[in-house]
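Coordinates in review
Chain residues, written in single-letter form:
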Amino acid sequence: MDNKTCVDPCAVNNGGCTHVCNSLKDGGVKCTCPDKLTLGKDTYSCVNPCSVNNGGCSHSCKNDNNGTVLCECPVKLVLNGDMRSCVLPCNIGHGGCSHSCLNTPDGKPKCTCPRNLVLRMDNATCVDPCVINNGGCSHVCSSLKDGGVNCSCPDNLTLGPDKYTCEEKPTDKTSVSCGCRLRLEVDGYKPGPVLYELPTLVYGIVNTWVKESDGTFYKVTEKYPKWNGAQRKRRAAYPTSIPMLHKCFDVYTKCSGDCKMLARLNIAANRLLTNVSSTNGFGKPVHKSLGQEMCDHANDLLPPPGKRIIAYYYPDPQCGAREMIANVLTYRLCCSKFSLKGIGHLTVWNKRCDEKIDLSELIIG
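1. Side note on the overall build of the chain
Looking only at helices and strands, the chain features five helices and 26 strands. Expressed as a percentage of the 365 residues in the chain, the buried residues total 35%. Long-range contacts, defined here as pairs at least 24 residues apart, represent 40% of the contacts in the chain between residues at least 6 apart. Here the chain displays about 22,100 Å² of accessible surface, and carbon together with sulfur accounts for 52% of that area.

As structure tokens, then:
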């Protein structure tokens, strides 16, 4: 300041810099700033980075503790790839949507699809509706031009009431039957009198039904809950559209064992005490024990020790089958005949096969 002495320009008033002054060879100065600040427009003052051009941010600017500019956006916008400008979400990579993108008030893109497509679980990709879980169809799925799907079935199945599930019916052409009945033992295992007609088994491609004498069908597991537990679960018997010869072979391999199982499930729990529907001598419907029903059909006196009961099976008539033995049961049938004055002869099931039992014990006991 004496106007006589030459000194470094930074020695005088720090070269005009608010912080760090660097002298230049040409006699000028260059001001620099610490990490947290940036040089202002006057090239001398160190200021907050956000105070210069808003830190380059299109909207909100914040300065972190290291002096780095952090740009932020309002709720409806998102930060662009330059990390400075705020744009609508759908302006960046189409919001990640494969088709239409809608900007929402919360700043999140909402992807939508044309009528004939649906949104995947990623909420971004539009695909054919049959791609996702087969459109809900159990078998064949076809997408429609105006949206939605049309479910259809192979020839051997029928579309159920829900319009999505293909179901078998016991009356389908692919179904084959297996008849089962109980007969009385005679010498040499010759077929004796029919004691009781068991429900008919009907085999579909996947399901097995039982057909009652009144024509009513039930899935075998509905009628006999222990069915699958009593035998090894089978896979589908045969594929769609296969010659009858193969179907009949499959029925032959199953019918014998299944009739044996059917006989056991019908009489094993209570032996022959199970109540069955029948008719009396006047043709009126009545309920009686299975043992009494068998004695009414035996047409013979069966004193103790009685005779054994044999389960027979006869495959579907279209298989050209004859009746064959499925199993000789361990249960014996004893029927006692009594003469009643003024009434005639009465045949009563002797459940204990007791030689000395009287009529009152049989009726009451």
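Further notes follow.
2. Description of the state of the cysteines
For the coordinates displayed, the defined rule picks out 17 disulfides. Disulfide pairing is shown between Cys17 and Cys31; the S-S distance is 1.7 Å. Note on the Cys17 and Cys31 pair: the S-S dihedral is about -80°, so by sign convention the disulfide is left-handed. A residue pair is termed long-range when its members are at least 10 positions apart, and Cys17 in the segment before strand 1 (20-23) and Cys31 in strand 2 (residues 29-32) qualify at 14 residues. Like Cys31, Cys17 is buried.

3. Considering the side chain of Ser336
Its location among the elements puts Ser336 in strand 25 (residues 324-340). Note on Ser336: relative accessible area 12%, which makes it buried. For Ser336, the side chain forms a polar contact with the side chain of Asn350, separated by 3.2 Å.

4. So, the pairing of strand 2
The side chains of a regular strand alternate, residue by residue, between the two faces of the sheet. Bridge count for strand 1 against strand 2 is four bridges, and the pairing is antiparallel. Residue pairing for strand 2: Val20 is matched across the bridge by Thr32. Between strand 1 and strand 2, which pair antiparallel and follow one another directly, the connecting turn spans five residues, one of which, Gly27, has a positive phi of 95°.

5. Re the confidence of the model for the chain
Mean pLDDT over the chain: 84, with 89% of residues reaching 70 or higher. Confidence over residues 232-242 falls short of pLDDT 50; this stretch has 19 contacts with residues more than four positions distant or in other chains.

6. Examining the nonpolar core
Counting residues in each nonpolar core, the largest one holds 38 residues, and the members touching the most others are Leu182, Leu201, Leu272, Met294, Ile309 and Leu333. Looking at this core, the elements that each hand over two or more residues are strand 17 (176-184), strand 18 (194-197), strand 19 (200-203), helix 3 (244-267), helix 4 (290-298), strand 24 (302-315) and strand 25. In terms of residue count, helix 3 provides more of this core than any other element does, seven residues in total. Once you skip the residues sitting within four places of it in the chain, Met294 turns out to touch Leu182, Leu195, Tyr196, Leu272, Ile309 and Leu333.

7. Here we look at the pattern of salt bridges
Scanning the model with the defined rule gives eight salt bridges in all. The residue Arg181 makes a salt bridge to Glu323 at a minimum N-O spacing of 2.7 Å. In this pair, Arg181 is assigned in strand 17 and Glu323 in the loop between strand 24 and strand 25, connecting sequence segments 142 residues apart. Judged by relative accessible area, Glu323 falls into the partly exposed class, the value being 23%. Linking Lys288 and Glu293 is a salt bridge whose minimum nitrogen-to-oxygen distance equals 3.7 Å.

8. Here's the deal with unusual backbone geometry
That bond from Pro304 to Pro305 is cis: its omega, 5°, falls within 30 degrees of zero. Mapped onto the fold, Pro305 is located in strand 24. The phi torsion at Asn54 lies on the positive side, around 60°, for a residue other than glycine. Turning to its location among the elements, Asn54 is positioned in the loop between strand 4 (46-47) and strand 5 (60-63). Notably, Asn134 is not glycine yet its phi reads approximately 55°, a positive angle. Overall, the relative accessible area of 28% leaves Asn134 in the partly exposed class.

Conventions and cut-offs
- Residues numbered from 1 in each chain as written.
- Predicted model: local features only at pLDDT ≥ 70, side-chain atom pairs only at ≥ 80, totals over all residues.
- Heavy atoms only, no water.
- Helix = DSSP H or I, 4+ residues; strand = E, 2+ residues; numbered from the N terminus.
- Buried < 20%, exposed > 50% of the residue type's maximum accessible area, 1.4 Å probe, protein only.
- Contact = heavy atoms within 4.5 Å.
- Areas by Shrake-Rupley, 256 points an atom, 1.4 Å probe, with all protein chains shown as cover.
- Disulfide = S-S within 2.5 Å.
- Polar contact = N/O pair within 3.5 Å; in protein donor to acceptor, adjacent residues only side chain to side chain.
- Pairing = 2+ DSSP bridges.
- pLDDT = per-residue confidence, 0-100.
- Core = buried A, V, L, I, M, F, W, Y, C linked by side-chain atoms within 4.5 Å.
- Salt bridge = Lys/Arg side-chain N within 4 Å of Asp/Glu carboxyl O.

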